[in-house]
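# Descriptive structure summary
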Amino acid sequence: MKKLILSIVLLGVTFVKAQDRYSSGMEKAFELWQTQKVVEASNLFERIATAEPDKWLPYYYVSQINTVISFGEKDEDKLSKQLERAKEFLNVAKAISPDNPELLIQEALINTAWIAFDGATYGMTLSQINTQLYKKAMELAPNNPRVILSKAEWDMGSARYFGKDTTPYCKDVERALELFATFKSETPFYPSWGKERAKQVLANCGK
């Protein structure tokens, strides 16, 4: 019995250490990202993902970093490699956490990066996919401020493209901003971006 108890205690210690390694690794990766060391941050998130294959968040952040740095990229080969990497890691995250609204937003963001690069080639097909992704995300998480904001921005972009008024979507941005004040997740390192972006969008809303 003593050996059994010791084994359980040791397992607990190992688990705590593993959790600590995960937390410290994630914090370090965010620090690198915040100091514009995006390649190093992406690589560290990838190493964490390899060590923690049951956690979707490290995969999500590799995907997000590679997507964000793709906006404004003019080199098609470089863009393609970054977005393919983003999609690869996103697919793993989706396998770990199906029907996750944060991952649906991320998928739409990858598509938007392609559209921003070459709207004539990717606009029609990927726009239809994005509309469905945002619809599903809203069904899954109607009170998630990132879902509301991202869909509103997408709808605004579509309205501008067709020469329509964007003002009707301002109320959605306002609602997102209100929800950012109260939205919380018990999952460590859960996505928290969007509040400052919502303020920027709202400041220019309807213009």
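Here, residues in each chain are numbered from 1, in the same order as that chain's written sequence. Restriction of local features to residues with pLDDT of at least 70 applies here, the model being predicted, together with a cutoff of 80 or more for giving and counting side-chain atom pairs; totals for whole chains, interfaces and linings are based on all residues. Hydrogen atoms and water are omitted, and side-chain values are computed over all heavy atoms in the structure.

Okay, the overall build of the protein next. Where helices and strands are cited, they refer to DSSP runs of H or I of at least four residues and of E of at least two residues respectively, numbered from the N terminus. Of the regular secondary structure elements, the protein holds nine helices and zero strands. Going from the N terminus to the C terminus, the protein shows its helices and strands as α-α-α-α-α-α-α-α-α. Of the roughly 12200 Å² that the protein leaves accessible, carbon and sulfur atoms contribute 56%. Accessible surface area values rest on a Shrake-Rupley calculation with a 1.4 Å probe, where residue burial reflects the displayed protein chains alone.

Here the focus is the packing of helix 7 (residues 145–161) against helix 9 (residues 195–203). Working convention: axes come from line fits to C-alpha atoms, limited for helices to the stretch in contact. Angles between N-to-C directions cover 0 to 180 degrees. Here helix 7 crosses helix 9 at 35°, and the two axes come no closer than 11 Å. When you trace helix 7 past helix 9, the crossing you get is left-handed. Of the residues in helix 9, those in contact with L149, E153 and M156 of helix 7 are R197, A198 and V201. Should the near helix be turned anticlockwise from the far one by less than a right angle, the crossing is termed left-handed; should it be turned clockwise, right-handed. Residues are treated as being in contact if the distance between any of their heavy atoms lies within 4.5 Å.

Two elements in contact, helix 3 (residues 56–68) and helix 5 (residues 101–117), have axes separated by 10 Å at closest approach and are oriented at 20°. If you check the angle between helix 3 and helix 5, you find them roughly parallel. In this structure, helix 3 meets helix 5 at a crossing whose hand is left-handed. Together, W56, Y60, S63, Q64 and T67 of helix 3 and E102, L103, Q106, L109, I110 and A113 of helix 5 make up the contact between the two elements. Ten residues, namely Ala, Val, Leu, Ile, Met, Phe, Trp, Tyr, Cys and Pro, are considered nonpolar, four, namely Asp, Glu, Lys and Arg, are considered charged, and the remaining ones, Gly among them, are considered polar. For the contact of helix 3 with helix 5, the residue count by class is six nonpolar, four polar and one charged. Throughout, the term roughly parallel applies to angles under 35 degrees, roughly antiparallel to angles over 145, roughly perpendicular to angles from 65 to 115, and oblique to all others.

Turning next to the layout of surface pockets. Only protein atoms enter the calculation, which uses a 1 Å grid: trapped sets of points that fit a 1.4 Å probe without letting it out are cavities, open sets showing protein on both sides within 12 Å along at least five of seven lines are pockets, and any residue with an atom within 4 Å of a point is a lining residue. Grid points are joined across faces, edges and corners, and a volume is the space filled by probe spheres set on the points. By volume, the largest pocket is sized at about 1300 Å³. Of all elements in the fold, only helix 1 (2–34), helix 3, helix 5, helix 6 (119–140), helix 7 and helix 9 reach the threshold of two or more residues within the lining of the largest pocket. For the lining of the largest pocket, the element with the most residues is helix 7, which contributes nine residues. Broken down by class, the residue content of the lining of the largest pocket amounts to 18 nonpolar, 16 polar and six charged. Considered as a void within the structure, the second largest pocket measures approximately 160 Å³ in volume. Taken together, F30, W33, Q34, Q36 and V68 form the lining of the second largest pocket. At three residues, the largest contribution of residues to the lining of the second largest pocket is made by helix 1.

Glancing now at the confidence of the model for the protein. Detail in the predicted coordinates should be disregarded across regions flagged by low pLDDT. Values of pLDDT, which run from 0 to 100, indicate the predictor's confidence residue by residue. Summing up the model confidence of the protein, the mean pLDDT is 89 and the portion of residues at 70 or higher is 90%. The model gives residues 1–17 a pLDDT under 50, and that stretch makes zero contacts with residues more than four places away or in other chains.

Note on terminology: disulfide denotes any pair of cysteine sulfur atoms within 2.5 Å. This model, assessed by the stated rule, comprises one disulfide. In this model, C170 is linked to C205 through a disulfide, with the two sulfur atoms separated by 2.2 Å. Its torsion about the S-S bond being -115°, the disulfide of C170 and C205 is classed as left-handed. In this pair, C170 sits in helix 8 (residues 170–180) while C205 sits in the segment after helix 9, placing the two residues 35 residues apart along the sequence. The cut-offs for exposure are 20% and 50% of the maximum accessible area for each residue type, with area from a 1.4 Å probe on protein chains only; residues under the lower value are buried, those over the upper are exposed, and the others partly exposed. For C170, a relative accessible area of 9% gives the class buried.

Here we take up the side chain of E73. Residue placement: E73 occurs in the loop between helix 3 and helix 4 (76–96). On the accessibility criterion, E73 (17% relative accessible area) is buried. A polar atom in the side chain of E73 sits 3.0 Å from the backbone nitrogen of D75. Excluding residues within four positions of it along the chain, E73 makes contact with K78, L79 and F117. Pairs of N or O atoms within 3.5 Å make up the polar contacts considered here, provided that, within protein, one atom can donate a hydrogen while the other can accept it, and that residues adjacent in sequence are counted only when both atoms are side-chain atoms.

Think of it this way: a Phe, Tyr or Trp ring, Trp meaning its six-membered ring, pairs with another when their centres are within 6.5 Å, and the plane angle makes it stacked under 30 degrees, edge-to-face over 60, tilted otherwise. Under the criterion given, the structure shown has 16 aromatic pairs. For the ring pair F45 and Y61, a centre distance of 5.2 Å and an interplane angle of 25° mean the geometry is stacked. One end of the pair, F45, is in helix 2 (residues 38–51); the other, Y61, is in helix 3, with 16 residues separating them in the sequence. Judged by relative accessible area, F45 falls into the buried class, the value being 0%. Residue classification places Y61 among the buried residues on the basis of a relative accessible area of 4%. Each ring, one from Y161 and one from F162, has its centre 5.0 Å from the other, and the planes form 90°; the classification is edge-to-face. The class of Y161 is exposed, set by a relative accessible area of 69%. Three or more aromatic residues joined by ring pairs make a cluster, and in this case those are Y22, F30, W33, F45, W56, Y60, Y61, F183, F189 and Y190.

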